[in-house]
Every structure is written in C-alpha cells, then in structure tokens.
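Architecture at a glance
Spelled out from the first residue to the last, the chains are:
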Amino acid sequence: MNELTTNLKLLHEATINNLKSSKANNTLRAYKSDFKDFGTFCSKHGLNSLPTEPKIVSLYLTHLSKNSKISTLRRRLVSIGMVHKLKGHYLDTKHPIIVENLMGIRRVKGSIQKGKKPILINHLKLIINSINEQKTEEIKKLRDKSIILIGFGGGFRRTELISIDFEDLEFVPEGLKITLRKSKTDQFGEGMVKGLPYFNNEIYCPVKNLKKWLEISKIQNGPIFRRFSKGSSLTGKRLSDQSVVLLIKEYLKLAGIENKNFAGHSLRSGFATVAAEFGADERSIMAMTGHKTTQMVRRYIKEANLFKNNALNKLEI
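These lines cover the structure that appears in this document, whether it is placed above or below.

**Looking at the overall build of the chain**
Assigned secondary structure in the chain consists of 13 helices and five strands. For the chain, buried positions account for 40% of its 317 residues. Across the chain, the fraction of contacts at a sequence separation of at least 24, relative to all contacts at a separation of at least 6, is 60%. A total of about 19000 Å² of accessible surface is found on the chain, and carbon and sulfur atoms cover 53% of it.

**What about the nonpolar core?**
Nonpolar side chains tend to gather and get buried jointly when the protein is soluble and globular. Counting 41 residues, the largest nonpolar core has I148, I150, L210, W213 and F225 as the members making the most contacts within it. Of all the secondary structure elements, the ones that give two or more residues to this core are helix 6 (121–133), helix 7 (138–153), helix 8 (158–163), strand 2 (175–180), helix 9 (206–217), helix 10 (241–254) and helix 11 (265–277). With seven residues, helix 7 is the largest single contributor of residues to this core. When near neighbours in sequence (up to four residues on either side) are disregarded, W213 contacts I139, L142, R143, S146, I219, I224, F225, F228 and L234. One finds L64, I80, V83 and I98 within the second-largest nonpolar core, a separate group that totals 22 residues.

**Comments concerning the sheet that holds strand 1 (residues 169–172)**
Read from one edge of the open sheet, three strands run 1-2-3, paired in antiparallel fashion. Edge positions in the open sheet fall to strand 1 and strand 3 (192–197), since each of these has one partner strand only. Averaged over neighbouring strand pairs, the angle between their axes works out to 20 degrees when direction is ignored. Relative to strand 3, strand 2 runs antiparallel, the two sharing six bridges. Considered in strand 3, the bridge of L180 is made with M192.

Rules behind the numbers
- Numbering of residues starts from 1 in each chain and follows the order in which that chain's sequence is written.
- Local features in this predicted model are restricted to residues of pLDDT 70 or higher, and side-chain atom pairs are both shown and tallied only at a pLDDT of 80 or more, whereas totals for entire chains, interfaces and linings draw on every residue.
- With hydrogens and water stripped out, all remaining heavy atoms of the structure feed into the side-chain values.
- Secondary structure is summarised from DSSP: a helix means a run of H or I of at least four residues, a strand means a run of E of at least two, and numbering begins at the N terminus for each.
- Residue exposure (1.4 Å probe, protein chains only): buried if accessible area is under 20% of the type maximum, exposed if over 50%, otherwise partly exposed.
- Whether two residues are in contact is decided by their heavy atoms: any pair within 4.5 Å suffices.
- Here the open area of atoms and residues is found with the Shrake-Rupley method and a 1.4 Å probe, where only the protein chains shown may cover a residue.
- Here the nonpolar core consists of buried residues drawn from Ala, Val, Leu, Ile, Met, Phe, Trp, Tyr and Cys, with membership extended through side-chain atoms lying within 4.5 Å.
- Only when DSSP finds a minimum of two bridges between them are two strands counted as paired.
- The axes used here are C-alpha line fits, helices contributing only the stretch in contact, and every angle between their N-to-C directions lies in the interval 0 to 180 degrees.

Keep in mind these values describe shape, not function.
As structure tokens, then:
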C-alpha cells in the first residue's frame with residue numbers, strides 16, 4: 001500500500017469518525033434501529049440493504065406506508081441515508097422515484113398527524129396531588145415531583161431533563177437558573193440557560209420542590225435525578241430517559257387519566273401549549289423550549305387558541 005493510498009484511507013476513517021461525532025448517541029441508536037427494520041425488509045425480499053438504491057428504498061417506503069405515519073417514513077429515509085454515509089456509501093435520498101413516491105403516499109394518507117397529548121395545568125395538578133397521596137417514602141415523592149415539575153416548568157426534553165447536574169443549578173432571588181450544556185438542537189454544546197421563577201402555590205412550584213429534593217437527598221454534585229435501588233436507597237446512577245416516560249405514565253394512571261397518548265414529550269409540549277394559552281408569544285416560548293424553528297411552536301399556539309379565538313364565540317344561541 002503506497003503512501004497516497006494510506007493517507008486516503010486515514011482521511012476516510014477520520015471523515016467517518018467526524019460524521020459519528022456530529023450526532024448524539026441517542027440519534028445514532030435511532031438510525032441503527034430504523035435501518036435494522038429496512039434490513040429485515042430487504043432480507044425478506046432478497047434485496048440489498050447496504051449499499052442499496054433509490055428504487056429499493058421507494059419500495060420499502062410503500063411497504064411501510066400501510067401502517068405508518070408520514071413522519072415515520074421521513075425519519076426512516078433519513079436513517080437509511082445517514083447509515084449509508086457513515087459506512088462510506090452514497091445514496092441519493094432526493095431521487096425522483098423516492099420524492100414523488102412520498103408525495104403520492106402523502107396525498108393518499110393525508111398530512112394531518114396526531115401527536116402525543118400535552119400535559120396541561122389540570123393534568124399537572126392531578127399528577128402532583130396523586131404523588132402526594134401515595135404511601136411511599138418522602139424522598140421518592142420529592143424526586144418524582146421534581147422531575148415532573150422541572151420538566152414541565154422548563155419545557156425540557158426528557159434527555160435534557162435527566163442530563164442536569166448539580167453544577168448546572170444556580171438558585172437566585174427570582175427563582176432558579178438551569179444551564180443546559182447540550183441538547184438535540186445544540187449538538188456543538190453552545191449551551192443555554194433556562195430561568196424558572198417561583199410559583200405562588202408552593203405545592204406546584206418546581207423551584208421549591210427541587211430545593212426540598214436536594215436537601216433530603218443530600219446531592220451536592222453530579223446528576224440530580226438518580227435511580228433508587230431496592231429498598232428506596234438512592235444510588236449515584238443517573239436516571240434513563242425511558243424512566244421519565246414510565247414515571248409520567250404511572251402517575252397519570254394513578255391520577256385517573258388515560259395515559260395511552262401521553263409520552264415524555266408531553267411535559268415539553270404541555271409547557272408550550274399552556275404558555276401560549278396564557279398569552280406568551282412564540283419568541284418567549286422558543287427561548288425556553290429551545291425550538292429552532294417556529295413551525296412546531298405555532299402548532300402549540302394554534303392548539304391553545306382553538307376555543308379562545310373561535311368564531312362560534314360570536315354567535316348568540
């Protein structure tokens with residue numbers, strides 16, 4: 001192998017590593033999971049999955065469209081394209097056979113997508129009340145209340161929520177500052193600071209509940225939301241993002257709320273919807289949630305104003 005070939009090989013490996021480093025671990029896992037499904041489809045039909053060609057991807061999307069949302073199809077397409085990049089292969093995901101097939105599927109299925117339900121103020125209060133009524137150790141109640149109230153109050157994604165360390169907190173006279181070092185839309189770690197003010201009602205105040213949790217848990221460094229071992233003994237291990245989902249669903253059920261259409265994202269979407277309902281503008285909401293575009297935030301605002309600005313309110317019947 002000559003020097004030129006060796007250098008090209010090293011550059012290729014470095015490029016692949018750069019591509020991997022540009023994506024968060026959760027994103028890479030999602031790519032692999034999506035591509036695994038594509039691989040199963042190809043294997044079943046005697047087709048090549050890596051490298052593949054636009055015609056095969058288009059067939060897969062048609063197959064997938066029978067039971068999946070348009071958003072799922074788009075995500076799978078991105079994953080297939082990204083895995084090809086990571087493996088050093090080229091795939092034209094903008095090929096007409098893919099783009100036009102997606103357009104046709106969208107026309108047939110329609111583009112309205114029903115997302116997960118937001119946790120609103122009435123849900124939040126019922127959840128916190130339900131936690132307070134549980135016959136369990138106070139330390140666990142305070143952890144769970146803090147997770148839900150901080151998640152809602154800061155409009156956090158679940159991965160952001162469990163990533164918070166003690167060192168990221170700063171209590172000030174107005175409330176609490178939380179430094180978010182990295183997020184889904186901030187892959188380069190520029191960071192952002194969220195401010196959570198004190199609530200008038202102490203029972204539902206994220207800042208007061210977090211203070212109590214830190215006092216009872218004696219956490220002074222590292223992750224603030226940790227796992228319990230058997231016997232309610234607090235460990236030093238950080239909670240997983242899936243634990244947040246299970247916790248939300250558990251307390252919704254205990255509060256008597258059907259939990260099927262709620263998820264970890266329900267805290268973040270709940271904050272945005274409630275903030276819009278109380279008159280916050282999209283810029284203020286985006287400053288807290290970290291949304292980079294207005295599209296999703298405007299959806300929350302539209303949902304919040306569905307009845308407030310309803311033309312039927314003008315009718316006298």
